[in-house]
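# Summary of structural features
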Amino acid sequence: MKFIHMADAHLGVQPDKGRPWSEAREKEIKETFVKVVEDAKEKQVDLLLIAGDLFHMPPSEGMIRDVDYILSKLSKTKTIMIAGNHDYMKPDSPLANYKFSSKTICLSADKISNVYMKDLNVCVTGFSYNSKENTDDILDRIKPAKQGAFNILLAHGGDAKHLPFNRKTLRESNFDYVALGHIHKPEVIKENAVIMVGSLEPIDYTDTGARGYIYGEVVDGIVKTQFVPVAKRNYMNLLINIKPDHSPAMIVDLVDRQIQNLGVQHIYRILVKGHNHNHDVFDFTSLTTKYNIYEVVTEVSEEYDLTRIYTDNQDNLIGKFINQLSNNYYNDEVCKKAIHYGLDVLLKTGVQ
């Protein structure tokens, strides 16, 4: 038996709304979902598991119909899905009352249910959300529903407000495979057995790292899985450490080269850190109009040229202050900070 486990596609979301790349990202997220379906068809998987938040909001009938058409291209594959906290399913919602033409089953929201596929001897157990939050720890109590079958738990949660669970309990459960969604960062809780798949695409700057789906094969009851990255872009934190010999132009060129090497399609947060002893102003405007830059975060401290300052002030209070503390400047961080703070006051107030 072959399967794909995915979650958190968030169809309909427009990440970083108002940014130049925002509308393109909405289209790309849908394209990535289509790519997963195409992969399922190419790999001839038996089962597509969608562990919640396929949609970014409770979907309209039109949104469901569009997804149903995409899934209808899977002639061999059965799709089992649940609604998560974003696309939660109330009794009168379109998703609760929709009749899929594709081989798709959305598990109900009013109770734990299961689907047994005799041809595969596979039983999938789970349930959908009926509201934005669910604080019940029910995942620690759910049991496999079909003895002698390959049992899968399909669930969406992992934090205090969304089906909190005990990782140890899930690792020791009797399910053959636990397909989790909700937390966007992928995590293997138990190798080949309990996996938080993460989102298909990153949807905000905190979603750093690879994103994709799990492809699994079950042979003689033994599960083997692999992570398949599919995201079109990543959010990346680009750390630049300022050194004394760096000029503003050099820093801008350095960032430019880094982005070229890492990929111009990605979305960047530029983190500028280090010591700015020349009081330089770093202007990244030329890059923000050229690349996808979410923000520039500058955390630099002023580093003084002690030799020059001492030479200019050796006969006054500033010189005496440096002379008293400078012996430990390079090997004592506390002393270094004390000199910085002291010089900040003395130089900016003009005390001599």
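See the structure shown above.
If you're wondering where the values come from, they're calculated on a predicted model, not measured in any experiment.

The next thing to look at is the overall build of the chain. Each helix and strand in the chain was counted, giving nine helices and 15 strands. Across the 352 residues that make up the chain, the buried fraction comes to 47%. For the chain, contacts bridging at least 24 residues in sequence account for 70% of all contacts bridging at least 6. Accessible surface, the chain as shown: approximately 17,600 Å² in total, 48% of it carbon and sulfur.

Two strands in a sheet stick together by hydrogen bonds in their backbones, pointing the same way (parallel) or opposite ways (antiparallel). Overall, mixed pairing links the six strands, which are arranged 5-6-7-8-10-9 in an open sheet. Two strands in the sheet have a free side with no partner beyond their single neighbour: strand 5 (113-117) and strand 9 (187-190). Between one strand axis and the next, the sheet turns by 20° as a mean value, whatever way the strands run. Bridge analysis of strand 6 (residues 122-126) against strand 7 (residues 150-157) gives five bridges, and the strand direction is parallel. Its bridge partner lying in strand 7, G126 is registered against L154.

Time to look at the packing of helix 1 (residues 22-43) against helix 2 (residues 61-71). Contact geometry for helix 1 and helix 2: axes closest at 10 Å, N-to-C directions at 30°. Residues K30, F33, V34 and V37 of helix 1 lie in contact with helix 2, whose contacting residues are D66, V67, I70 and L71. Among the residues forming the contact of helix 1 with helix 2, the class breakdown is six nonpolar, no polar and two charged.

What follows deals with the sheet that holds strand 2 (residues 47-51). Spatial ordering of the open sheet is given by 4-3-2-1-11-12, a layout of six strands whose pairing is mixed. Here the strands that pair on one side only, and so sit at the sheet edges, are strand 4 (104-106) and strand 12 (222-229). Taken over all neighbouring pairs, the strand axes of this sheet differ in orientation by 20° on average, direction set aside. Pairing analysis gives eight bridges linking strand 11 (residues 212-219) to strand 12, with the strands arranged antiparallel. Its bridge partner being in strand 12, G216 is matched across the sheet by T225. Sheet strands in contact with helix 1 are strand 1 (2-6), strand 2 and strand 11, and its direction is about 170° off that of strand 1.

With that out of the way, let us pick up the pairing of strand 1. For strand 1, the buried fraction is high: four of the five residues fall into the buried class. Of the strand pairs in this sheet, strand 1 and strand 2 are connected by four bridges, and their pairing is parallel. Paired with I4 across the bridge in strand 2 is L48. For the segment spanning strand 1, helix 1 and strand 2, crossover handedness is right-handed.

Enumeration over the complete set of coordinates arrives at 16 salt bridges. With a closest N to O distance of 2.8 Å, K35 and D39 form a salt bridge. With K35 and D39 both in helix 1 and four residues apart, this pair spans about one turn of that helix. Under the relative-accessibility criterion, D39 is labelled buried at 8%. One salt bridge connects D119 with K78, and the closest N-O pair in it is separated by 3.0 Å. With D119 in the loop between strand 5 and strand 6 and K78 in strand 3 (residues 78-82), this residue pair connects regions lying 41 residues apart in the sequence. Ionic contacts of the salt-bridge type, sharing partners, join the residues R25, E28, E201 and R233 into one network.

What follows is about helix 5 (residues 248-262). Taking 1.5 Å of rise per residue, the 15 residues of helix 5 would be expected to cover 21 Å, and the 21 Å separating its terminal C-alpha atoms lies within 8% of that figure. Those residues of helix 5 not exposed but buried are I251, V252, V255, D256 and I259. On an axial view of helix 5, the arc spanned by its buried residues comes to 140°, and they lie on one face. Opposite the buried face of helix 5, by more than 90 degrees, sit the exposed residues A249 and N261.

This brings us to the layout of surface pockets. In this structure, the largest pocket spans a volume of roughly 270 Å³. Contributing to the lining of the largest pocket are 16 residues, with M89, L95, A96, C106 and S108 lying nearest its centre. When residues of the lining of the largest pocket are traced back to their parent elements, those giving at least two are helix 3 (94-97) and strand 4. Within the lining of the largest pocket, the residues separate by chemical class into nine nonpolar, four polar and three charged.

The buried fraction of strand 3 is high, at four of five residues. Between the parallel elements strand 2 and strand 3, the chain passes through helix 2 in a crossover that is right-handed. Of the strand pairs in this sheet, strand 3 and strand 4 are connected by three bridges, and their pairing is parallel. Pairing of M81 across the sheet is with C106, part of strand 4.

Following the sequence through the fold, T32 ends up in helix 1. Excluding residues that lie within four positions of it along the chain, T32 makes contacts with L200, E201, V230 and K232.

Definitions and limits used
- Residues numbered from 1 in each chain as written.
- Predicted model: local features only at pLDDT ≥ 70, side-chain atom pairs only at ≥ 80, totals over all residues.
- Heavy atoms only, no water.
- Helix = DSSP H or I, 4+ residues; strand = E, 2+ residues; numbered from the N terminus.
- Buried < 20%, exposed > 50% of the residue type's maximum accessible area, 1.4 Å probe, protein only.
- Contact = heavy atoms within 4.5 Å.
- Areas by Shrake-Rupley, 256 points an atom, 1.4 Å probe, with all protein chains shown as cover.
- Pairing = 2+ DSSP bridges.
- Axes fitted to C-alpha atoms, helices over the stretch in contact; angles between N-to-C directions.
- Nonpolar A, V, L, I, M, F, W, Y, C, P; charged D, E, K, R; others polar.
- Right-handed = clockwise from strand over helix to strand, strands pointing away.
- Salt bridge = Lys/Arg side-chain N within 4 Å of Asp/Glu carboxyl O.
- Expected span 1.5 Å × (residues − 1).
- Arc of directions from axis to C-beta.
- 1 Å grid on protein atoms, 1.4 Å probe; cavity = no way out; pocket = protein on both sides within 12 Å on 5 of 7 lines; lining within 4 Å.
- Points joined across faces, edges and corners; volume = space filled by probe spheres on them.

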